[in-house]
Amino acid sequence: GPAAAQGPALKIFTANVHADKTDYDALLAQIHREQPDLVFIQELSPGWAAALEALRDTHPYRAVATRTDYFGMALYSRFPLENIDTGDPVNENVPIIRADAVVGDVRVHLVNVHLSPPEGGWLTELRYKQFPWLTDYAAARSGPILIAGDFNCTVWSPLYRDLTRRGRLVNSRQGHGLLPSWYPLLGQWFLIPIDQIMAGGGIQFTGMHLGEPTRSDHCPMIAEFRLPK
């Protein structure tokens, strides 16, 4: 296998917080306990955006795209962020955040995604544009890249398999169990792994676990990883 990544050890926290929920303090307490270097949020409503301003002391760098629908998102970082782009590369007015985190002398390209669910009409159409875009985008990057968020897609989907293979990405779940993260109906016993943390360009995952369930239908996910030197 590849030589062990010798660079800094970092931690990422990602959560689809659910735009309609307001359990702000519970999520902030969880982030405070986990002490991640990077926080990726999906479904960032104006209420969530205001609450997460509390991260300013620990995560002073951010890229925020607040919205009143379900496609708002934000990225909060302990490290400086450069080349921030919160636009939609696929032309359907749904943000995908891209930024470079400057960690010492290593640049890590970050992508926060909330990919469209296969729910018919424009959402499904958008999905079949987003996945090829993301796959090509990942494949074109040479350095370390970290992609996380709500993919609305399981690890068994052909779209996902193509992204992993052509995009040369590894999933943080590898070696850490399935860790399903989504409850389609709260209280149901089954969970589905549609939230993902993926990386390429020499990043190696060293651990991963689910956060505590919040009032969202998604569990937060936390992964530890090492950068290449």
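A quick note: this is a predicted structure, and the numbers were derived from the prediction, not measured.

## Examining the overall build of the protein
- When its secondary structure is counted, the protein shows four helices and 12 strands.
- Counting all 229 residues of the protein, 55% fall into the buried class.
- Within the protein, contacts between residues at least 6 apart in sequence are counted, and of these 62% link residues at least 24 apart.
- Here the protein has roughly 9,800 Å² of accessible surface; of this, 53% comes from carbon and sulfur atoms.

## Considering the packing of helix H3 (residues 121-140) against helix H4 (residues 158-166)
- Put simply, H3 and H4 touch, their axes get as near as 8 Å, and they point 15 degrees apart. When the interaxial angle is binned, H3 and H4 end up roughly parallel. As H3 packs across H4, the resulting crossing turns out to be right-handed. From H3, Arg127, Tyr128, Phe131, Leu134, Thr135, Asp136 and Ala139 reach across to H4, where they touch Leu159, Tyr160, Asp162, Leu163 and Arg166.
- For the contact of H3 with H4, the residue count by class is seven nonpolar, one polar and four charged.

## Description of the packing of aromatic side chains
- By the definition in use, this model includes four aromatic pairs.
- Pairing tryptophan 133 with tyrosine 137 gives two aromatic rings, centres 4.7 Å apart and planes at 20 degrees, and the pair type is stacked. Here tyrosine 137 and tryptophan 133 lie together in helix H3, a separation of four residues that amounts to about one turn. Pair check on accessibility: tryptophan 133 and tyrosine 137 agree, each one buried.
- A ring pair is formed by phenylalanine 205 and phenylalanine 225, whose centres lie 6.4 Å apart and whose planes are at 70 degrees; its orientation type is edge-to-face. Of this pair, phenylalanine 205 sits in strand S11 (residues 204-210) while phenylalanine 225 sits in strand S12 (residues 221-226), and the two are 20 residues apart along the sequence. For the residue pair phenylalanine 205 and phenylalanine 225, the accessibility class agrees, reading buried in each case.

## Some thoughts on the sheet that holds strand S1 (residues 9-16)
- Taken together, six strands build an open sheet; the order of strands is S3-S4-S2-S1-S12-S11 and the sheet is mixed. The sheet is open, and its two borders are formed by strand S3 (61-65) and S11, each paired with just one other strand. On average, each strand axis in the sheet is inclined to that of its neighbour by 15 degrees, with strand direction left out of account.
- Note: S3 against strand S4 (residues 73-77), five bridges, orientation antiparallel. The partner of alanine 63 across the bridge, within S4, is leucine 75.
- Lying on the sheet, helix H1 (residues 24-34) is in contact with S1, strand S2 (38-42), S11 and S12; it crosses S1 at an angle near 165 degrees.

Each value, and the rule that gives it
- Residues numbered from 1 in each chain as written.
- Predicted model: local features only at pLDDT ≥ 70, side-chain atom pairs only at ≥ 80, totals over all residues.
- Heavy atoms only, no water.
- Helix = DSSP H or I, 4+ residues; strand = E, 2+ residues; numbered from the N terminus.
- Buried < 20%, exposed > 50% of the residue type's maximum accessible area, 1.4 Å probe, protein only.
- Contact = heavy atoms within 4.5 Å.
- Areas by Shrake-Rupley, 256 points an atom, 1.4 Å probe, with all protein chains shown as cover.
- Axes fitted to C-alpha atoms, helices over the stretch in contact; angles between N-to-C directions.
- Parallel < 35°, antiparallel > 145°, perpendicular 65-115°, else oblique.
- Left-handed = near helix turned anticlockwise from the far one by under 90°.
- Nonpolar A, V, L, I, M, F, W, Y, C, P; charged D, E, K, R; others polar.
- Phe/Tyr/Trp six-rings, centres within 6.5 Å; stacked < 30°, edge-to-face > 60°.
- Pairing = 2+ DSSP bridges.

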